[in-house]
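Given next are the chains, with one letter for each unit.
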Amino acid sequence: MMSEHYHTITPSAELLSIEKAVASLKTALSLYDDKLDAGRDHKNHLVTFSQPVLPADLPVWLSVQTIYPRVFWMNREKDYAVAGIGIADTITYDGEGNNDEMFRQFERSIARTTPQARYFGGFHFNNSERQDPIWKEFSSFSFVLPLVQLTFENEHYSLSCHLWLEQGDDVITKIRELTEVLDRVVTNTDCSASKLPELLNISYNPDETRWIELCRKALRTFTSGEMEKIMLARQTILEFSTTLSPLLFLLRYPYPENAIYRFYFEPAENRAFFSFSPERLYRRKGNQLLTEALAGTCSKEMIKGGDHHASEALLNSEKDIREHNFVRAMIYEDLFPICREIDMEEDVCVMQLNRLAHLYTRCSATLKPEFENDSDVLKRLHPTPAVGGVPKEPALQHIMELEPFSRGWYAAPVGWISRDAAEFSVAIRSALVNGRFTYLYSGAGLVTGSDPLSEWNEVDQKIGDILTITRQEA
Ligand SMILES: C=C(O[C@H]1C=CC=C(C(=O)O)[C@@H]1O)C(=O)O
Ligand SMILES: [Mg+2]
């Protein structure tokens, strides 16, 4: 949306190569300082220079860039994708306090920066949790407006850069800095991506025996009546022969047809969190909210059947329907106080992925005017029982006590925000890359009657896609 704080300059309507687009952006930037505009009277001012470009492969472009952070986002419909580098502006918080406090901070940070453009990033799953050192680069929340980004939207590609001016900033200096960054943009994407180094070892935290014990502990909280559902996760640790570029996972994701989100956040070289998640937390445009319940799983490999058999198995599985219904019910309950209208689809559907099928219910809602903002929605929706449990607060406590690792950004909201719109996926089927080690995260929702060994296998299936990437030959 246009406002007095924000405007876009399109140097040329012609579709240029990325190399020519960089030159075109530099020219536009050099011309800009002549006409310091009215926006400078305001506190913060953003000028986006955006040049249409010829079709390009976003992950490949990102893989040759040397400016950090490197971020990538693609929505589930695959009609919107961004690859970004550097920081024009950032919304970050590193602090104590529970999730409510974290989302309050988020609200304050957004208000201060008055973001017009889209900021990409994520949150801690549980900000009360003490984080393992491997999560050091991942703050309570961290969102960036990239300095330079390649965007695919409405079937069109563009290369943009963001000139972000805060009160007191010297425009000439800012322009010079941004020009220097443009000079560092690599435009030659010819180099072919290498493959992952040799995988030396796979270990599990917890291992299978310990997992079964932990699940039994969780199941006992159901018998005692304290809890009704808990999602427990596992860490699968991959040890490679050398340090690896985490972007290889994004480049080599082998299932282009899968309706999943792709999220990638690399704050420092070779340290990245990424996720190939099928789950939407929500999408918001103004007061319109789109969310869903996704829980209950069938593996096609386990039943030795295709889509049709998986649907049938799921829709007839009393345990999976029950697991799913907890999520449905809580989403409705959580949204009720902040919405004017909620339309939760009556029928449970099935979402088909290449290896798995999930029970799935769509939900759309209209927010009450006073709750038309992301921190209120996040506070209410996160975590849904698909990744937390019922009841919500005690579930977070049990998860912290039972799981032998911290969740970091796993299962947390990741995505983008702007002032009037946002989209967040739930960062499941995700991984953290740290040196020679990659930590995969996935879990399973436990309810009364869950069998710990079946849940162990369910998690194996959920990380199957990422593991496939490590077994690719060429
Ligand atoms: C928590 C995960 O999946 C959730 C989403 C869909 C189905 C789930 C299940 O059937 O257990 C989980 O609730 C994960 O993959 O890490
Ligand atoms: Mg399940």
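Residues numbered from 1 in each chain as written. Chains lettered and ligands numbered in written order. Predicted model: local features only at pLDDT ≥ 70, side-chain atom pairs only at ≥ 80, totals over all residues.

So, about the nonpolar core. By size, the foremost hydrophobic cluster in this structure holds 125 residues, and its most contacted members are Leu232, Trp409, Ala411, Ala427 and Ala431. Split by domain, this core shows at least three residues from each of two domains, domain 1 (6–184) and domain 2 (199–470). Residue contacts for leucine 232: discarding those within four places in its chain leaves Leu214, Cys215, Ala218, Leu402, Glu403, Gly443, Ala444 and Leu446. (Core = buried A, V, L, I, M, F, W, Y, C linked by C-beta atoms within 7 Å. Buried ≥ 20, exposed ≤ 12 C-beta atoms within 10 Å, placed from the backbone. Domains from an automatic or database assignment. Contact = placed C-beta atoms within 7 Å.)

So, on to the site of ligand 1. Close to ligand 1 lie 18 residues, the nearest being Thr297, Ala386, Ile428, Ser442 and Gly445. Sorting the residues of the shell around ligand 1 by element identifies strand E11 (229–240), strand E15 (288–299) and strand E23 (437–447) as the ones contributing at least two each. A class-by-class count of the residues in the shell around ligand 1 yields 8 nonpolar, 6 polar and 4 charged. (Near = placed C-beta within 6 Å. Helix = DSSP H or I, 4+ residues; strand = E, 2+ residues; numbered from the N terminus. Nonpolar A, V, L, I, M, F, W, Y, C, P; charged D, E, K, R; others polar.)

So, on to helix H9 (residues 318–335). Given a rise of 1.5 Å per residue, 18 residues ought to cover 26 Å, and the 26 Å separating the end C-alpha atoms of H9 matches this to within 8%. Among the residues making up H9, those that are buried are Asp320, Glu323, His324, Phe326, Val327, Arg328, Met330, Ile331 and Leu335. (Expected span 1.5 Å × (residues − 1).)

In this chain, asparagine 205 is followed by proline 206 through a cis amide linkage whose omega measures 0°. Within the element layout of this structure, proline 206 appears in the loop between strand E10 (199–205) and helix H5 (208–223). For the peptide bond that leads from histidine 382 to proline 383, omega is -10°, which places it in the cis range. Tracing the sequence through the fold places proline 383 in the loop between helix H10 (374–381) and strand E19 (389–390). Residue glutamate 155 is not a glycine yet carries a positive backbone phi of 70°. Judged by the 7 C-beta atoms lying within 10 Å of it, glutamate 155 is exposed. In the Ramachandran plot, arginine 429 falls in the positive-phi region, its phi being about 50° despite a non-glycine side chain. Looking at the secondary structure, you find arginine 429 in the loop between strand E21 (421–426) and strand E22 (430–434). Under the C-beta neighbour-count criterion, arginine 429 is labelled buried, with 25 such atoms within 10 Å.

Turning next to the UniProt feature "binding site: Mg(2+)" (unreviewed entry) in the protein. The sites that carry the UniProt feature "binding site: Mg(2+)" (unreviewed entry) are, in the present numbering, Glu323 and Glu458. Annotated residues spanning 136 residues; largest pairwise C-alpha distance 13.7 Å, indicating a single compact cluster. In this fold, glutamate 323 is placed in helix H9. With 25 C-beta atoms counted inside 10 Å, the residue glutamate 323 sits in the buried group. Those residues within four positions of glutamate 323 in sequence are excluded, and the remaining contacts are Ala295, Gly296, Gly445 and Val447. Secondary-structure assignment places glutamate 458 in helix H12 (residues 452–462). On the basis of neighbour counts, which here come to 20 C-beta atoms within 10 Å, the residue glutamate 458 falls in the buried class. Excluding residues within four positions of it along the chain, glutamate 458 makes contact with Thr297, Ser299 and Ala444. (UniProt positions renumbered as here; feature names shortened; annotations may be inferred.)

Time to look at the environment of serine 50. With respect to the secondary-structure elements, serine 50 resides in strand E2 (residues 44–53). A C-alpha to C-alpha distance of 6.2 Å links serine 50 and isoleucine 9, two positions 41 residues apart in sequence.

This part takes up the UniProt feature "active site" (unreviewed entry) in the protein. With numbering aligned to this structure, UniProt lists the feature "active site" (unreviewed entry) at Lys229 and Glu279. Residue classification places lysine 229 among the buried residues on the basis of 26 C-beta atoms within 10 Å. If we skip the residues at most four places from it in the chain, lysine 229 touches Phe326, Pro385, Gly389, Val390, Gly445, Leu446 and Val447. Judged by local crowding, glutamate 279 falls into the buried class, with 25 C-beta atoms found within 10 Å. Setting aside residues up to four positions removed in sequence, glutamate 279 forms contacts with Leu294, Ala386, Ser425, Val426 and Ile428.

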